[in-house]
Amino acid sequence: HKIRFWEAPSGRCSRIIKFPDSPVHRLEISPDKQFIAAAGNPVIRVYEVVPDHHQHHAQHGGDASSHHHNPHHQAVLTLEGHAGNVTSIGFQKDGRYLYSGSEDGTIKVWDLRNPNFTRSLNVGAAVNSVA
């Protein structure tokens, strides 16, 4: 399972991130455009949109696509706490919190400075969307 970054003008794939756990059910970009959260089963992984090494390599004429297996493509944060497919995610407007909904019937709020959820609400049925 992979997340691919595409350059719109050229149609070229500039980066591939392997998502090791499951299919990716949802992607969400942080308000500051620095991070992308990927929802799977049952984890959420947060990646840098443009890792520092990627910017440096591109500025010096390198082909970023040749570095798909670079360790900088690892998640900067892994959020664990759901027991089923994570079907919906979003960032709070200042990017400090991430919220998620799951088929396990819970909605969780995560403080991104700490990999544990801050709040968990059991709604008793699968959650398809949170906003």
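Each remark here, short or long, concerns the structure printed above.
Throughout this document, residue positions are counted from 1 along each chain, in the order its sequence is written. Reporting of local features is limited, given that this is a predicted model, to residues whose pLDDT is at least 70; pairs of side-chain atoms are given and counted only at 80 or more, and all residues count toward the totals for whole chains, interfaces and linings. Neither water nor hydrogens contribute to the side-chain values; these are computed over all heavy atoms in the structure.

Just checking my understanding: could you explain the overall build of the protein chain for this structure?
A helix here means a DSSP run of H or I that spans at least four residues, while a strand means a run of E at least two residues long, and both kinds are numbered starting from the N terminus. Tallying secondary structure elements over the protein chain gives 1 helix and 10 strands in all. Shown N-terminal to C-terminal, the secondary structure of the protein chain runs as helices and strands in the order β-β-β-β-β-α-β-β-β-β-β. Burial here depends on accessible area, computed with a 1.4 Å probe over protein chains only, as a share of the maximum for the residue type. Under 20% is buried, over 50% is exposed, and the range in between is partly exposed. For the protein chain, the residues scored as buried account for 38% of the 131 residues in total. Restricting the contact set of the protein chain to residue pairs at least 6 apart, pairs at least 24 apart contribute 41%. When the accessible surface of the protein chain is split by element, carbon and sulfur atoms take 49% of a total near 7500 Å². Contacts are residue-level and defined by heavy atoms, with any inter-residue pair within 4.5 Å sufficient. Working definition of accessibility: Shrake-Rupley area with a 1.4 Å probe, residue cover restricted to the visible protein chains.

Whenever I open this one, the pairing of strand β1 (residues 2-7) confuses me. Can you help?
Along any regular strand, the residues point their side chains to alternate faces of the sheet. Of the strand pairs in this sheet, β1 and strand β2 (residues 12-18) are connected by 6 bridges, and their pairing is antiparallel. When the bridges of β2 are listed, Glu7 appears paired with Arg12. Once β1 ends, the chain turns through 4 residues before running back antiparallel as β2, passing Gly11 with a positive phi of about 75 degrees. A pair of strands counts as paired when DSSP detects no fewer than two bridges linking them.

What exactly am I supposed to notice about the sheet that holds strand β4 (residues 35-39) here?
Strand-to-strand pairing in sheets goes through backbone hydrogen bonds, with the strands running parallel or antiparallel. Pairing within the open sheet is antiparallel, and its 4 strands lie in the order β3-β4-β5-β6. The open sheet is flanked by β3 (26-29) and β6 (77-79), the only strands paired with a single partner. On average, each strand axis in the sheet is inclined to that of its neighbour by 20 degrees, with strand direction left out of account. As paired strands, β4 and strand β5 (residues 44-48) are joined by 5 bridges and run antiparallel to one another. Residue pairing across strands places Ala38 opposite Arg45, the latter belonging to β5. Axis lines are fitted to C-alpha atoms, over the contacting stretch for helices. Their N-to-C directions set the angle, which ranges from 0 to 180 degrees.

Quick question: what am I supposed to make of the nonpolar core here?
Across soluble globular proteins, nonpolar side chains have a tendency to be buried as a group. Counting residues in each nonpolar core, the largest one holds 11 residues, listed as Ala37, Ala39, Ile44, Val46, Leu77, Leu79, Val86, Ile89, Phe91, Leu98 and Trp110. Elements with a contribution of two residues or more to this core: β4, β5, β6 and β7 (86-91). What we call a nonpolar core is a set of buried Ala, Val, Leu, Ile, Met, Phe, Trp, Tyr and Cys residues that are connected through their side-chain atoms within 4.5 Å. Ranked by size, the runner-up nonpolar core spans 9 residues in total, among them Phe19, Ile36, Ala38 and Tyr47.

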